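Geometric and topological summary
So the chains spell out like this:
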Amino acid sequence: MFKILRYYAPYIPAIVLAVALLFLQVNMDLALPDYMSKIVNVGLQQGGIESPVPLRISPETTERLLFLLDKPEAEKFTGFYSMSGKEAASVLPEGKEEELISDNDFRSDLIISFILATSDNPQDASLSPQKLVSMPEEQRSAAIREIKEQLRRRFDPAMLEQMALRAVKKENESMGIDSAAVQSRYILETGGFMLILALISAAATITVGFLAARVSAGVGRTLRSDLFRKIEGFSNAEFDHFSTASLITRNTNDVVQIQRVTFMIMRMMLMAPIMATGAVIRAFTKAPSMGWIIALAVLVLLGIVSVVMSIALPKFKAIQGLVDKINKVAREQLTGLLVVRAFNRQSFEKDRFDKANRELTDVNLFVNRLMVTLMPFITLIMNVLSLTIIWVGAHKVAESSLQVGDMMAFLQYAMQIVMSFLMLSMAFIFIPRASVSAGRIDEVLKTEGSIKNPSRPESFADRVRGKISFKNVSFRYPGAEDYALKNISFTAEPGQTTAIIGSTGSGKSSLINLIPRFYDVSEGEVLMDGKDVRKITLSALRKQIGYVPQKSVLFAGTIESNLSYGSEGVDQEKLEKAARISQSSEFIGRKEEGFDSQVSQGGANVSGGQKQRISIARALIKDCPVLIFDDSFSALDFKTDARLRGELEREYGDTTRIIVAQRVSTIMQAEQILVLDDGKLVGKGRHSELMDNCPVYREIVLSQLSIKEV
Ligand SMILES: Nc1ncnc2c1ncn2[C@@H]1O[C@H](COP(=O)(O)OP(=O)(O)OP(=O)(O)O)[C@@H](O)[C@H]1O
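Per an unreviewed UniProt entry, the chain goes by ATP-binding cassette subfamily B protein and derives from Spirochaeta isovalerica. Of the comments in the UniProt record for the chain, the one headed Subcellular location (unreviewed entry) reads "Cell membrane".

Here the focus is the overall build of the chain. The helix and strand inventory of the chain stands at 26 helices and 15 strands. Taken over the C-alpha atoms alone, the chain extends approximately 155 × 50 × 50 Å along its principal axes. Counting every position in the chain, which comprises 710 residues, the buried fraction comes to 33%. In the chain, the proportion of contacts linking residues at least 24 apart, taken out of those at least 6 apart, comes to 80%.

Lining the immediate environment of the ligand, one finds 13 residues, of which Tyr477, Thr504, Lys508, Ser509 and Ser510 sit closest. The element best represented in the shell around the ligand is helix H17 (residues 508-513), accounting for 3 residues.

Within the secondary structure, Val553 sits in the loop between strand E9 (545-548) and strand E10 (557-558). We classify Val553 as exposed; it has 12 C-beta atoms within 10 Å. Taking the C-alpha atoms as reference, Val553 lies 40 Å from Ala9; in sequence the two are 544 residues apart.

Okay, the UniProt feature "transmembrane region" (unreviewed entry) in the chain next. Mapped onto the present numbering, the UniProt feature "transmembrane region" (unreviewed entry) falls at residues 7-26, 193-213, 265-284, 290-313, 370-393 and 413-431. Structurally, residues 193-213 is divided into 100% helix and 0% strand, and its ends, taken at the C-alpha atoms, are 30 Å apart. For residues 370-393, the helix share is 100%, the strand share is 0%, and the end-to-end C-alpha distance is 34 Å.

On any regular strand, side chains alternate: one points to one face of the sheet, the next to the other face. Taking burial as the measure, the 5 residues of strand E12 (residues 626-630) include 5 buried ones, the bulk of the element. The alternating pattern of E12 places Val626, Ile628 and Asp630 on one face and Leu627 and Phe629 on the opposite face, and all of these are buried. With 4 bridges connecting them, E9 and E12 associate as parallel partners. Its bridge partner being in E12, Val548 is matched across the sheet by Phe629. Pairing of E12 with strand E13 (residues 656-660) involves 5 bridges; the strand directions are parallel. Counted as the bridge partner of Leu627 is Arg657 from E13.

Reading across the sheet, the 3 strands line up as E1-E3-E2 and stay open at both edges, with antiparallel pairing between neighbours. Every other strand in the sheet has two partners, leaving strand E1 (56-57) and strand E2 (82-83) as the edge strands with one partner each. Bridge analysis of E1 against strand E3 (residues 90-91) gives 2 bridges, and the strand direction is antiparallel. Across the sheet, the residue bridging to Ile57 is Ser90, located in E3.

On to helix H9 (residues 179-232), then. For H9, spanning 54 residues, the distance from its first C-alpha to its last is 79 Å, which sits close to the expected 80 Å at 1.5 Å a residue. Listed in full, the buried residues belonging to H9 are Tyr186, Ser201, Ala204, Val208, Leu211, Ala212, Val215, Ser216, Val219, Leu223 and Ile231.

On to the packing of helix H2 (residues 59-68) against helix H5 (residues 104-118), then. Packing of H2 against H5 leaves a shortest axis separation of 9 Å and a crossing angle of 125°. Regarding the angle of H2 to H5, the classification is oblique. Considering how the two elements wind past one another, H2 and H5 form a crossing that is right-handed. For the pair formed by H2 and H5, the contact residues are Thr61, Arg64, Leu65 and Leu68 on the first element and Ser113, Phe114, Leu116, Ala117 and Thr118 on the second. The class makeup of the residues in the contact of H2 with H5 is 5 nonpolar, 3 polar and 1 charged.

Here the chain is described as being made up of domain 1 (2-37 + 187-446), domain 2 (59-174), domain 3 (467-544 + 625-710) and domain 4 (550-623). Put simply, the middle of domain 1 and the middle of domain 3, counted by C-alpha atoms, are 58 Å apart.

Strand direction decides the pairing type here: strand E6 (residues 497-502) and strand E14 (residues 672-677), joined by 5 bridges, are parallel. Bridge pairing links Ile500 to Leu674 in E14.

This paragraph deals with the environment of Arg542. Residue position: Arg542 is located in helix H18 (residues 538-543). Taking the C-alpha atoms as reference points, Arg542 and Arg517, separated by 25 residues in sequence, lie 8.4 Å from one another.

Viewed as axis vectors pointing N to C, helix H11 (residues 244-269) and helix H16 (residues 404-446) meet at an angle of 145°, and their least axial separation amounts to 8 Å. Two packed elements cross with a definite hand, and for H11 against H16 that hand is left-handed. Residues Leu247, Arg250, Asp254, Val255, Gln257, Ile258, Val261, Met264, Met268 and Met269 of H11 form the contact with H16, whose participating residues are Met423, Leu424, Ala427, Phe430, Ile431, Arg433, Ala434, Ser437, Ala438, Arg440, Ile441 and Val444.

Mean pLDDT over the chain works out to 86, with 96% of the residues at or above the 70 mark. Among the prediction metrics, the complex's ipTM stands at 0.95, with pTM recorded as 0.71.

In this section: unusual backbone geometry. Even without glycine at this site, Asn487 takes up a positive phi of about 45°. Tracing the sequence through the fold places Asn487 in strand E5 (residues 485-492). The exposure class assigned to Asn487 is partly exposed, which follows from the 15 C-beta atoms found within 10 Å. A positive phi angle, close to 55°, is found at Asp623, a residue other than glycine. When you line up the elements, Asp623 lands in the loop between helix H22 (608-621) and E12.

How each quantity is defined
Residues numbered from 1 in each chain as written. Predicted model: local features only at pLDDT ≥ 70, side-chain atom pairs only at ≥ 80, totals over all residues. UniProt positions renumbered as here; feature names shortened; annotations may be inferred. Helix = DSSP H or I, 4+ residues; strand = E, 2+ residues; numbered from the N terminus. Buried ≥ 20, exposed ≤ 12 C-beta atoms within 10 Å, placed from the backbone. Contact = placed C-beta atoms within 7 Å. Near = placed C-beta within 6 Å. Pairing = 2+ DSSP bridges. Expected span 1.5 Å × (residues − 1). Axes fitted to C-alpha atoms, helices over the stretch in contact; angles between N-to-C directions. Parallel < 35°, antiparallel > 145°, perpendicular 65-115°, else oblique. Left-handed = near helix turned anticlockwise from the far one by under 90°. Nonpolar A, V, L, I, M, F, W, Y, C, P; charged D, E, K, R; others polar. Domains from an automatic or database assignment. pLDDT = per-residue confidence, 0-100.

Quick look at the structure:
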């Protein structure tokens, strides 16, 4: 993934915003269990009363309370609470609440005294104001201290708080305050607040989803366009190295992997550590004594996930290679479908495809089965975790060391922690797979096309003549052991036809491919008008060359769009001239829509001969000083072949024409014939000269023509 990190640079603001929103979302999500615990603890159990410190005390209770407090504390009490007259209640003003709570000793004593002051318990009847009033001062203080101590010994602080809360509720009721209304107001307020938090969280989730989609689609688009631009600049050598099928897979499937993982990282995986940290902190604050349950569950979960991952990971990495393989097989079979049918090899090819398909399916099935097996284990861990928390928590609730709401919140935090770890472990599935894809993409992006423009290009004179010279040219395909061409020297003059003949595999196509620099020479040099072709920019060089490949390639569109491909300002006159010379007029004229007739992808709806003629016309329309025909007349009948060559001579007499041919009759009239044999130039001259002094040529000629025709 790091290899393509630079593609994320333009999206840094969006990523930062997404992280900030994830923080917001996680905080909202983590706050919800806390509020839920408040609804249970305060709303349901405490009747909506938040604090054990009474906010309003009746005059009677105030009187009792004052007897129960020491002198200094009684003074503090009157400092905190405002009392208006003997009949009026004592009220704790809003601002004083915090101040009182922070005075721990006073708060604790006030709570105990308040419990005693409101108690109906007959055993505390000794504490009635009348009784206390009748006691001497010393005795009274000792009696009160003793009772308070007893309470502290019997109940822990949490229990005392619960008792105080009940006392506050009772006191409120005695003062005519509607407890039910207090309770429902608290629940509604807290519930409303939870709703707002949930809405903020939802808004953050949607925005992060939107940002993640934008970033992943954007990165995918830039990767695809960079890959395409890079591949466009590749020479045949790079195509040979990667294979077309693999380049297609890299530009599609591999980019999709990156896109998918980018979305998942932004949407889920970035959230996981934030969520896990937040939930751990909150869970431990709620019930630190139960932290070990979560730690144990996470350990077991990570153990299981690591075992599964160690088995699945190599398989995940293999998937991309297998997708490549199936694409390669499918592509080869579909392009060669006619041959497959003609040779009745359908079942063989089906088996070949099935094998590749089965390999991919098997790996996919294996990985999916493994993942499916993982799921019940995870569910089991989650259920055992819930049960353990409820079991341990219930005991703690019974001991009054934990409140029910806190246990419920702890349970939710535990689930959030486990889910976060699960999300993180999922990252270990997708990230390695995407890294393989990133590596494959980077490999293409890092590969420099071996055919490059010169750093300091030279330019042609105003009018290019198109003289082509080969000087001691040797050529070896990248990675090949043997030379395909050995020490070739010749000159193709403008105004002349230079024909190249030789047996199959003798190096004819290799030779002419060196002129437009589809490959570069290994040794020697190829010159155009005396300039090494490697010193001229590729576009300037290729502008001078009308090239007709051995295998005609047409593009989807119309006949006209194919003819004017690569040429500017093509008018009807030019189109008709090229069609006439290439002997295409007749079949184009027969079509209802003429030049506007549709050509399907790859020229599937035109015949081989028609395809060849259209590609010849396409090269002629370019109006170049050099015309190269790589075995381009093979699909034409003898008569059409002769007519075409005659027209070429007449209309393009001043060009340099280089014709590769298998048929002797096509090249017999050429001013210069080059005879290739196993990559070597074994003959050079006119037909008659070669017949006399080149046995290879003589052999080829005699294999095709009778002595009389020669
Ligand atoms: N892309 C390539 N990589 C490696 N070797 C190649 C490649 N293309 C051709 N060759 C080899 O180079 C030699 C010359 O091939 P080339 O295509 O130039 O022959 P040719 O004379 O044009 O044949 P044909 O008349 O059948 O088209 C052959 O031995 C061939 O196997």
